[in-house]
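Topology and contacts: notes
The chain contents come next:
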Amino acid sequence: MNPRTETLHQKKMIGNRMIMSFNRNRTFELWSSFMPRRKEIQNNIGTELYSIEIYAPAFFDNFNPEKEFEKWAAIEVNDFQTVPDGMETLILPEGLYVVFLHKGAASEGPKTYRYIFETWLPGSGYEPDNRPHFAVMGQKYKHEDPESEEEIWIPVRMKESQA
């Protein structure tokens, strides 16, 4: 798995969010409520869907699968002029990301995340930064299809000892 580094420019998002934990995963519920309404968003950029996670600082220190975080189902937009009722806005701030390509069924995603956090990151010169994490699901995303592809964006900064 050969990731790339990319500087993300600020993105404006519209979507729905829920609070969940890894043990009380409500991702299916979140996307089931968002997908029937996504066409109500009039000012979208592209067709990609964004699955965004916002974690508290040090969320992954002493990892606890009961700790809650915020998860979004969203689409990128030009502006916030028109926000459908019941949806919210979010800004993804500019910053450095490491981008991994997950190939395979969505249910196999935890293996990719485990590789990122347990193997790749510890051996890199980076550490996670306190900005949203997200996955981009474009035209090649096919949910449980073994040929499915999605990009996983992890916010990073140089390790303190190397800065």
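Up top you'll find the structure we're talking about.
The structure contained in this document is the topic of the report that follows. Since we're looking at a predicted model, the values are computed, not measured.

Among the 10 residues of strand β4 (residues 68-77), 9 are classified as buried, and the element is accordingly described as predominantly covered. In this sheet, β4 lies alongside strand β2 (residues 11-21) in antiparallel orientation, the contact comprising 10 bridges. The residue bridging Asn16 from the neighbouring strand is Ala73, located in β4. Of the strand pairs in this sheet, strand β3 (residues 49-54) and β4 are connected by 5 bridges, and their pairing is antiparallel. Across the sheet, the residue bridging to Ser51 is Ala73, located in β4.

Quick look at helix α2 (residues 109-123) now. The periodicity of an α-helix, 3.6 residues per turn, causes residues three or four places apart in sequence to face the same way. With 15 residues, α2 extends 20 Å from end C-alpha to end C-alpha; this agrees with the ideal 21 Å at 1.5 Å per step. The sharpest bend along α2 reaches about 35 degrees and sits at Ile116. Buried within α2 we find Gly109, Thr112, Ile116, Trp120 and Leu121. Packing partners of the buried residues in α2 comprise β6 (95-103), β7 (126-128) and β9 (149-158).

With respect to the helices and strands, the residue Val136 is situated in strand β8 (residues 133-137). It is 9.7 Å that separates the C-alpha atoms of Val136 and Leu101, two residues lying 35 residues apart in sequence. In this view, Val136 contacts Glu48, Leu49, Tyr50, Glu150, Glu151 and Trp153; residues no more than four positions away in its chain are not counted.

Under the counting rule described, the total for this entry stands at 16 aromatic pairs. Taking 5.8 Å as the distance between ring centres and 45 degrees as the angle between the ring planes, the aromatic pair formed by Tyr50 and Phe134 counts as tilted. Taken as a pair, Tyr50 in strand β3 and Phe134 in strand β8 lie far apart in primary sequence, 84 residues in all. The same class applies to Tyr50 and to Phe134, which are both buried. Note on Phe59 and Phe69: the rings are 5.9 Å apart at their centroids and 85 degrees apart in plane angle, and the pair reads as edge-to-face. Here Phe59 is found in the loop between β3 and β4, whereas its partner Phe69 is found in strand β4, with 10 residues between them in sequence. Every member of this aromatic cluster is reached through a ring pair, and the members are Phe22, Tyr55, Phe59, Phe60, Phe69 and Phe117. Above the face of the Phe59 ring, Lys67 is positioned so that its terminal group lies 5.4 Å from the ring centre. In this structure, Arg131 is placed above the aromatic ring of Tyr97, and the distance from its NZ or CZ to the ring centre is 4.8 Å.

Rules used throughout
- Residues numbered from 1 in each chain as written.
- Predicted model: local features only at pLDDT ≥ 70, side-chain atom pairs only at ≥ 80, totals over all residues.
- Heavy atoms only, no water.
- Buried < 20%, exposed > 50% of the residue type's maximum accessible area, 1.4 Å probe, protein only.
- Helix = DSSP H or I, 4+ residues; strand = E, 2+ residues; numbered from the N terminus.
- Pairing = 2+ DSSP bridges.
- Expected span 1.5 Å × (residues − 1).
- Bend = angle between axes of the 7 residues up to and from the residue.
- Contact = heavy atoms within 4.5 Å.
- Phe/Tyr/Trp six-rings, centres within 6.5 Å; stacked < 30°, edge-to-face > 60°.
- Lys NZ or Arg CZ within 6 Å of the ring centre and 35° of its normal.

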